[in-house]
Amino acid sequence: MAEGDKSDAVSAWFLGPKGENAETLIWLLTEALQRHVQGRVAYFPEDASVITPEVKSTVAFQKQIQKQAALVKSLAEKLAEHSVPFWNPRYNAHMNMDTSMPGIVGYFTAMLFNPNNVALEASPLTTAIEIAVGKQLAELVGYNIETLQNPIGWGHITADGSIANLESMWAARNLKFYPLSLRLAMMNQLEFIADTFHVDTCTHELKLLKDFTTWELLNILPSNVLDIPTRLNEEYGITAQFLQDALKPYLAQTVGKERLEREFHVEPMAYFASAMMHYSWPKGAAITGIGSENVVPVKVDNSARMDPNDLRRLLDECLNLKDAQGNPAPRAVYAVVAIVGSTEHGACDPIKDILDIREEFRKKGLSFVLHGDGAWGTYFATAIPEVVVQESISLSSQWSHTSMKIGEYNKARHDVFVPTVPLKTKTLESIVHMRYCDSVTVDPHKSGYLQYPAGGLLYRDQRMRYLVTWTSPIVYRNDLQSIGVFGVEGSKPGAAPVATFFSHVILGLDVDGYGQLLGEALFSAVKMYAHLATMSTSESTFVVRPLNLLPAEINGIPEEVEAQKELIRRKILSIPNRELVKDKETWKLVVEMGSDLSINAFAVNFKLGNVVNEDIVEANYLNKRIFDALSITDANTDKKPPLILTSTVLSQKSYSECLLKFKDRLGLKGSQDLYTLVNVVMSPWPTASGLTAEIAQSLQETIVKEREVSVYRNTLTEDYHAFVMQGTDKLYFVHLPMFNMENHRHQLIITGVISAEMRTIYNEEREKNPDTVYLLVNDTPTTLEKILAAKEFDARIEPFDSKGQQPPIVKGKITDIQVIVQKKLNSKFLTPYPTRKMPFYIYGSEAQTHIDHVYTASPNIQMTAEQVRQAVVARELGDGIPVKVLASETRVEELSVFYKSIPGVDIRPNAPVCA
């Protein structure tokens, strides 16, 4: 098929951004409905019709039809007006786009029959279709599906990727404990095999299973564990039912893993996943009893891919652990999760490197399951021709086992494959090597462009599914063809696999089908990345940086980076697609740019004049405002953003050096987490129509607009400053700070002298209104710096009222200002808030003591109290807490209030308390 024909074919697969294929879809849905009705009529045609013309003519019947018509019209209009426009190329947020037209027709066709794929008797045809879809997806990742070869791959549809991940974790857990359960059974019902049943250890030593150490039992290779039931049948004639009955009293499924851990003295095992793992992994660990704290994050590199060296380090730690007495106490490992297309930045973990590490540690006696979380990335396998798959396996083998350099490897890859999609070398390698993962998650409702719910789990060895079999004799009637006996779910729609099957058959799981569609989407993502990477210049008032480095940035030479940006502007952004593809050198740069799989994570910073903002909190605020402007989160809004993005927060703890590097490129300093924006491109059309450039321009205009707010917040100007007044003998003034305004980012406590008239009126008002808080406010705008430099200012005293500013009770001047506490509240000066205590400044005169809450973190709460009596403090804040009445009027001490000291009273920073 010619390139133009391929692109034209894509247009036949969707309803279209403007409903261009509406006539075709109406025809197909009508055809499906008519066939469905014909099926009803043909089923016992001699049966009488119950909904007769007479019934249809009644008022009651017509009323119900009218109600349905009215509701359809009303709801359809509301959905059209208020739903998120996933179908439009301007939608660049979550992994969602227009669902394929074959998927819509397939789902609708099957939905009319409402099949339940929990059991064969409720879904005879759609169960067969789901099994076929499982084979399609298993073959897609490279699993063998031929029955004459082993292992045989298998897969099934789940509600989503989270359910698939949970099932894979459940299977890995059960596989790890299976040898322990078998060992216990060999002391009872299976005692007759104990003296003759041999198994290979992880290091390929053949020995009696009864002689295995606990460590050896926990590290039998997955394939050898899965061989055990077959071997017991072949070597001893043990039937599946007898084995199930013999093992059931000892399985983790039955007694819980904790009993087996106690029996064999097993400490909690580890489950490794990239620091960028999906939240479903710790959630799954909680559900399966593995425990979220045992899901160990592996560091990532600057492109958010798992760092193989850190994985090796962590596995070494597991292998070399010792107990309190110094004896070897290695920690077993359930599994390692390799992510193939992370949800936040499309990154692919280096599966080939992880496989090599697994082989390395198997030789040391440590074995684990390898799971590929390809919820987003699995369908991208369609973009790789089979000849390239085989060549990639060969080349990566040469690279691993010879002195082949990465440059030679890349050149060989490009010589073999001039891509219609910009798949990077390591990305392609990882996708190709998914075939060696023990299990793989896939989400047809993501990069398969299908309706929810349609996730999926694939097993390299179909026997692994029996580790998570849970049957009910009433529902399943011992029917092994029922697909519902496997996995987590019970009832599930047969329409989902039918939609998937329709789309697979019509589009095709090959380079001319899904490969073409995803290739065009990938190209659109790279073009957007090119705009992001070049959007800001040295002259711009803002800074935009994608998470993924430009190729020149990897080398770290500034001159080369700027030259490459200029090349992108000239030869990528301003060149038509057809000309760009013909420019081989520039096309190689296209292939190397951007994220691994069609997701651009980026962040924005701002400048104050020519100075780049360094405050992470303020950068986060800017990015949050950009997200708010370019998202739809309110069902009642009429807002129609020109571009729709999503966002995420990158944790410093999880992303480590990767995030520090990203912050540095943005000009930011500090250890806080970073709020970032995410641009997911699934549409194949925006670059063809020039929409990518228009979208990028809309983003830039939004950045410029929202930057003005950041500049306002962070520019020091003359302003009014309010101080809470404390004391009657010697006056203290506590500044009312604001974390979000530069004018007020100070914790400041001062003392000073006010005129006799001001003091007299102030004291009189206090006596009349003892519960009122009074504020000292500068009478003309100024800065705190000028106030402290002059040590005086014209002021007014006014009562505080939460409803708004009140008229002053007196005006005058404060003089002889002295600083008691002065602390800047910019984020770089803040520290994490104490977890078990609340700090206060304590200060005052010999006769009167005052306290003010110490601001260590943002957000926070102001708590100020005056004339605190020692006896009250000692009783209310807890015995044993020292309270000092200061002899020196200019000294200040810190007092810590422990939370447990005031039972029943919430005094944490987020408590609804204000003074």
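Rules used throughout
Residues numbered from 1 in each chain as written. Predicted model: local features only at pLDDT ≥ 70, side-chain atom pairs only at ≥ 80, totals over all residues. Heavy atoms only, no water. Helix = DSSP H or I, 4+ residues; strand = E, 2+ residues; numbered from the N terminus. Buried < 20%, exposed > 50% of the residue type's maximum accessible area, 1.4 Å probe, protein only. Contact = heavy atoms within 4.5 Å. Areas by Shrake-Rupley, 256 points an atom, 1.4 Å probe, with all protein chains shown as cover. Lys, Arg positive; Asp, Glu negative; His and termini not counted. Charge placed at Lys NZ, Arg CZ, Asp CG, Glu CD. Axes fitted to C-alpha atoms, helices over the stretch in contact; angles between N-to-C directions. Parallel < 35°, antiparallel > 145°, perpendicular 65-115°, else oblique. Left-handed = near helix turned anticlockwise from the far one by under 90°. Nonpolar A, V, L, I, M, F, W, Y, C, P; charged D, E, K, R; others polar. Patch = residues over 30% accessible without salt bridge, like charges linked within 9 Å, V, L, I, M, F, W, Y side chains within 5 Å. Salt bridge = Lys/Arg side-chain N within 4 Å of Asp/Glu carboxyl O. Phe/Tyr/Trp six-rings, centres within 6.5 Å; stacked < 30°, edge-to-face > 60°. Core = buried A, V, L, I, M, F, W, Y, C linked by side-chain atoms within 4.5 Å. Pairing = 2+ DSSP bridges.

## Description of the overall build of the protein
What the protein contains, in helices and strands, is 31 helices and 24 strands. Structurally, the protein occupies a C-alpha span of about 105 × 75 × 70 Å along its principal axes. When each of the 915 residues of the protein is scored for burial, the buried share is 52%. A fraction of 73% describes how many contacts in the protein between residues 6 or more apart in sequence connect residues 24 or more apart. Roughly 41,800 Å² of accessible area belongs to the protein as shown, and the carbon and sulfur atoms make up 55% of that amount. For the protein, the separation between the mean place of its 90 positive charges and that of its 108 negative charges on side chains is 1 Å.

## Comments concerning the packing of helix α14 (residues 308–319) against helix α15 (residues 351–362)
Here α14 crosses α15 at 20°, and the two axes come no closer than 10 Å. The pairing of α14 with α15 is recorded here as roughly parallel in orientation. Seen from above, α14 lies across α15 with right-handed handedness. Between α14 and α15, the residues in contact are Pro308, Leu311, Arg312, Leu315, Asp316 and Leu319 and Asp353, Ile354, Ile357, Glu360 and Phe361, respectively. Of the residues in the contact of α14 with α15, the class split is seven nonpolar, no polar and four charged.

## Observations regarding the environment of Lys352
Here Lys352 lies in helix α15. The sequence separation of Lys352 and Glu121 amounts to 231 residues, and the corresponding C-alpha distance is 43 Å.

## Section: a nonpolar patch on the surface
Together, Leu33, Val37 and Val41 make up an exposed nonpolar region whose accessible area comes to about 240 Å². Here Leu33 shows up in helix α2 (residues 22–42). A relative accessible area of 38% places Leu33 in the partly exposed class.

## Some thoughts on the packing of aromatic side chains
Inspection of the entire model under this criterion finds 19 aromatic pairs. Aromatic side chains Phe177 and Tyr334 sit 6.3 Å apart centroid to centroid with 55° between the ring planes, which places their arrangement in the tilted category. Placement of Phe177 in helix α7 (residues 161–185) and of Tyr334 in strand β6 (residues 333–339) is noted, with a sequence separation of 157 residues between them. Here the two residues Phe177 and Tyr334 agree in accessibility, since each one is buried.

## Focus on the side chain of Asn620
As for its placement among the helices and strands, Asn620 is situated in helix α26 (residues 616–629). Relative accessible area serves as the criterion here: at 17%, Asn620 is assigned to the buried category. Setting aside residues up to four positions removed in sequence, Asn620 forms contacts with Asp673, Leu674 and Tyr675.

## Quick look at the nonpolar core
The nonpolar side chains of a soluble globular protein tend to be buried, and buried together. Within the largest apolar cluster, 78 residues are counted, with the highest numbers of intra-cluster contacts made by Leu182, Leu190, Leu209 and Tyr271. The element that contributes the greatest number of residues to this core is α7, accounting for twelve residues. Discounting residues that sit within four places of it in the chain, Leu209 has contacts with Leu182, Arg183, Met186, Phe197, Val199, Leu217 and Ile220. Grouped together as the second largest cluster of nonpolar side chains are 74 residues, Met97, Val141, Leu597 and Met682 included.

## Examining the sheet that holds β6
Across the sheet, seven strands lie side by side as β1-β9-β8-β7-β6-β4-β5; this open sheet has mixed pairing. Each end of this open sheet is capped by a strand with a single partner; those strands are β1 (154–158) and β5 (295–298). Pairwise comparison of adjacent strand axes, ignoring direction, gives a mean angle of 20° for this sheet. As paired elements, strand β4 (residues 270–274) and β6 share four bridges and run parallel to each other. Opposite Tyr271, over in β6, you have Ala335 as the bridge partner. Relative to strand β9 (residues 455–459), α7 is tilted by about 30°, and along the sheet it contacts β1, β4, β5, β6, β7 (369–374), β8 (439–442) and β9. The strands touched by α15 are β6 and β7; relative to β7, the strand with the most contacts, the crossing angle is about 170°.

## Observations concerning the pattern of salt bridges
Two side chains with opposite charge may pair up if their charged atoms get near one another. Under the defined criterion, the tally for this structure stands at 42 salt bridges. Its salt-bridge partner being Lys352, residue Asp356 comes within 2.9 Å of it at the nearest N-O pair. In this pair, Asp356 and Lys352 are both assigned in helix α15, four residues apart and thus about one turn of the helix distant. The class for Asp356 is partly exposed, based on a relative accessible area of 32%. Glu765 is the partner of Lys768 in a salt bridge, and the nearest nitrogen-oxygen pair spans 3.1 Å.

## Some details on the sheet that holds strand β15 (residues 722–726)
Strand pairing in a sheet relies on backbone hydrogen bonds, with the paired strands running either antiparallel or parallel. Reading around the circumference, β15-β16-β17-β20-β19-β18 is the order of the six strands in this closed barrel, with antiparallel pairing throughout. The average angle at which neighbouring strand axes cross in this sheet is 45°, direction not considered. Relative to strand β16 (residues 732–735), β15 is paired through four bridges, and the arrangement is antiparallel. What sits directly across from Val724, in β16, is Val734. The strands that helix α29 (residues 756–768) touches are β15, β17 (746–754), β18 (774–778), β19 (793–799) and β20 (810–824); relative to β20, the one it contacts most, it runs at about 80°.

## Some thoughts on the packing of helix α5 (residues 101–111) against helix α20 (residues 495–507)
Running from N to C, α5 and α20 point in directions that differ by 145°, and their axes come no closer than 7 Å. For the pair α5 and α20, the sense of crossing is right-handed. Across the interface between the two elements, Pro102, Gly103, Val105, Gly106, Tyr107, Ala110 and Met111 from α5 touch Ala495, Ala496, Val498, Ala499, Phe502, Ser503, Ile506 and Leu507 from α20. Residues belonging to the contact of α5 with α20 are distributed by class as follows: twelve nonpolar, three polar and no charged.

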